[in-house]
Amino acid sequence: MSKKNNDAAEKEITTAAQADLDDDLLDFDDDDPLSATSVSKKSLVIFFLIDTSGSMRGKKIGELNTVMEELIPEIRRVGEADTDVKVAVLTFSTDVTWMYSEPISIEDFEWSRLRADGVTSMGEAFKELSSRMSRNSYLNSPSLSFAPVIFLMTDGYPSDDYKAGLEALQANSWYKFGLKAALGIGSEANDDMLAEFTGTKDTVVHAYSGGQLAQMIKVVAVTASQIGSKSMTLSDETNEELGAEDVFAAKQKLLGQQIQEFINNQDEADTVSFDTGW
Amino acid sequence: MFNAFSHSVRGASHEKRDLVCQDASSCRPGDRYAVAVVADGHGSKKHFRSNFGSQFAVEATLETIDRFYEDADSFEQEFPKNHKMVIKNIEKQIISVWNEKVKAHLEANPVTVAEKKVFSDKEFADISPESYYGTTLVAAVAGKGYTFGIQIGDGSLVAIFEDGRAVEPMNYDESAPANVTSSMCNANASGYFNSFYVEGRKLIALFASTDGLYTTFANEHDFQDYHVILASKLDDIETFKQIAVKNITKRSRFGTEDDISLSCVFDEEMVKANIDLLKETIESNKKKAAERKSELLSKKNIKAAMQDD
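Just so you know, these numbers come straight off a predicted model, no measurement behind them. (Residues numbered from 1 in each chain as written. Chains lettered and ligands numbered in written order. Predicted model: local features only at pLDDT ≥ 70, side-chain atom pairs only at ≥ 80, totals over all residues.)

### Some thoughts on the overall build of chain A
- When its secondary structure is counted, chain A shows eight helices and seven strands.
- Burial analysis of chain A (278 residues in total) assigns 44% to the buried set.
- Partitioning the contacts of chain A with sequence separation of at least 6, the portion at a separation of at least 24 is 80%. (Helix = DSSP H or I, 4+ residues; strand = E, 2+ residues; numbered from the N terminus. Buried ≥ 20, exposed ≤ 12 C-beta atoms within 10 Å, placed from the backbone. Contact = placed C-beta atoms within 7 Å.)

### Here's the deal with the packing of helix H3 (residues 122–132) of chain A against helix H4 (residues 162–170) of chain A
Residue and element names in this part refer to chain A.
- Interhelical geometry of H3 versus H4 gives an angle of 15° and a closest axis separation of 7 Å. What the angle tells us is that H3 and H4 run roughly parallel. Crossing of H3 over H4 shows left-handed handedness. In this structure, H3 contributes Met 122, Gly 123, Glu 124, Ala 125, Phe 126, Lys 127, Leu 129 and Ser 130 to the contact, and H4 contributes Tyr 162, Ala 164, Gly 165, Leu 166, Ala 168 and Leu 169.
- For the contact of H3 with H4, the per-class residue count stands at nine nonpolar, three polar and two charged. (Axes fitted to C-alpha atoms, helices over the stretch in contact; angles between N-to-C directions. Parallel < 35°, antiparallel > 145°, perpendicular 65-115°, else oblique. Left-handed = near helix turned anticlockwise from the far one by under 90°. Nonpolar A, V, L, I, M, F, W, Y, C, P; charged D, E, K, R; others polar.)

### Observations regarding the environment of Tyr 214 of chain B
- Secondary-structure assignment places Tyr 214 of chain B in helix H8 (residues 211–214).
- Sequence-wise, Tyr 214 of chain B and Lys 241 of chain B are 27 residues apart; in three dimensions their C-alpha atoms are separated by 19 Å.
- Ignoring any residue separated from it by four or fewer positions in sequence, one finds Tyr 214 of chain B in contact with Pro 142 of chain A together with Ser 156, Ser 209 and Phe 223 of chain B.

### Considerations on helix H6 (residues 191–198) of chain A
Residue and element names in this part refer to chain A.
- Regarding H6, the residues found buried are Leu 194, Phe 197 and Thr 198. Summarising the axial view, the buried residues of H6 lie within an arc of 90°, below the 170-degree limit, and thus occupy one face.
- Residues of H6 that are buried make contact with strand S5 (149–154), H4, strand S6 (179–185) and strand S7 (204–207). (Arc of directions from axis to C-beta.)

### Observations regarding the confidence of the model for chain B
All names here are of chain B.
- A residue-level look at chain B finds 95% of positions with pLDDT of 70 or above and a mean pLDDT of 91.
- Per-element mean pLDDT across chain B ranges from 76 in strand S11 (residues 300–303) up to 98 in strand S9 (residues 203–209).
- Note on residues 174–180: pLDDT is under 50 here. Beyond four places in sequence and across chains, it has 13 contacts. (pLDDT = per-residue confidence, 0-100.)

### Details of the pairing of strand S3 (residues 34–40) of chain B
All names here are of chain B.
- Within S3, seven of the seven residues are buried, leaving the element largely enclosed by the surrounding structure.
- Of the two faces of S3, both are covered, the one formed by Ala 34, Ala 36, Val 38 and Asp 40 as well as the one formed by Val 35, Val 37 and Ala 39.
- Pairing geometry for strand S2 (residues 23–28) and S3, over six bridges, is antiparallel. Looking across to S3, one finds that Ser 25 is bridged to Val 38.
- Once S2 ends, the chain turns through five residues before running back antiparallel as S3.
- As paired strands, S3 and strand S4 (residues 137–142) are joined by five bridges and run antiparallel to one another. Considered in S4, the bridge of Val 37 is made with Ala 139. (Pairing = 2+ DSSP bridges.)

Structure, rendered in structure tokens:
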């Protein structure tokens, strides 16, 4: 070491030694010039993929708009504890359209009422989602800590080659590790196709009436957000560390269990006729 | 005169689980050169001594840079001519010194029964001894007429030159997946370093930080703007220390709860001469941030085909 720097080292301002923090250090309420760039908590993105094709016109899209407006404050509460929740909404009919040009913090998010028209370009929506689920695109927030929640809502069968879109999506790691749920609206929705999207039937739900639609959207979205933002680096039973695949499997299983539990309780409490809802 | 700062805080999640801080940081101020260095021990199961590994990485870096500067006149003359080769040699030397430190520590402190019992025999046999100490490393060096940095694994370098703007000068080599897998404990670790070298620009400050800091920001702009605010406080180092330590503690507590290390080197004269410029930049950044948010919220219903891919 050179002498000058040896001497300078003695004047070293601080080392990495972990000093005990003074009590006043933890008083964060006073002026902090660095607060202009706020502290972001661990963040999670919820993607809603919503069918706005012509068959959704009328009561279905009207009810969906109302539920989503009501849902925003509920998701906001999920994030209040220790997660910054961001929302991205992709609608698909003849065109594939993002509600905002990037995921929006739930604090700033305002629902833009949707209109229904056109055909069901679900495959194109899958491709678009896949292209945006990237660190270079919609998942570029430094504070992003969790795999996304992806919630598909549709009332019918795709009018394009959805399998090609699904293949593109299935090659995306964010999709692989994301928490996936799907809601079939009305009797035309195909549960098998929705299960292809989610990878399991346990997270596919069905709504046959406006009341059920409201319940299902809220339960699935809120439960998925809660589970999605859960830190699961250690397994409770074994104290062993979980890898990314284990975390994904555990979360998807938990979501499936909670959704099925809700549906079972729901069946006992309130059986709704298939055809009277709409 | 170059001055320097470094500090590490233990993450709130580590406090809750009664784990030691896996980060380490240090700095070396000086007339001819200054070094700021941070390291982030991996902390996961098989890297059970990574708190030592990060400390060794920091020490190895300071020792190596000092060694290269032993004949400072000669180094300053030769380095700009062959900076690529010299930086490669610095990286190799740091890895070599780190490995020596790891080896010495392991010899003096063999793996204990308690450390080993969480693995099956086969699991344990599959872990290389260097992996016990796995860590990242980010180092920033300010010299006379040049600035350079090296990095292995995740973490950030942010530079502020004479124009007062924050830039991230590291060009990540796509073939070296620095932000994904690389570590001081990789076989052939020196091949995984990224580096930058800048000549002919006047440095105000250069910051190195572990990813615990980066992950407390909602976006890249905020992260860069934060460093301009930090730089604007460097004219009074005692106040700076208070502000910086308090803020990274707050970020760890209310952000991602990870360990955070922040370290920097700065040119005292350049800071003093450019305080007004830095303050103007801060105001301009605030305006731009407000404009970005307003624009984002006003743009609705964007057809996918209209977006740039």
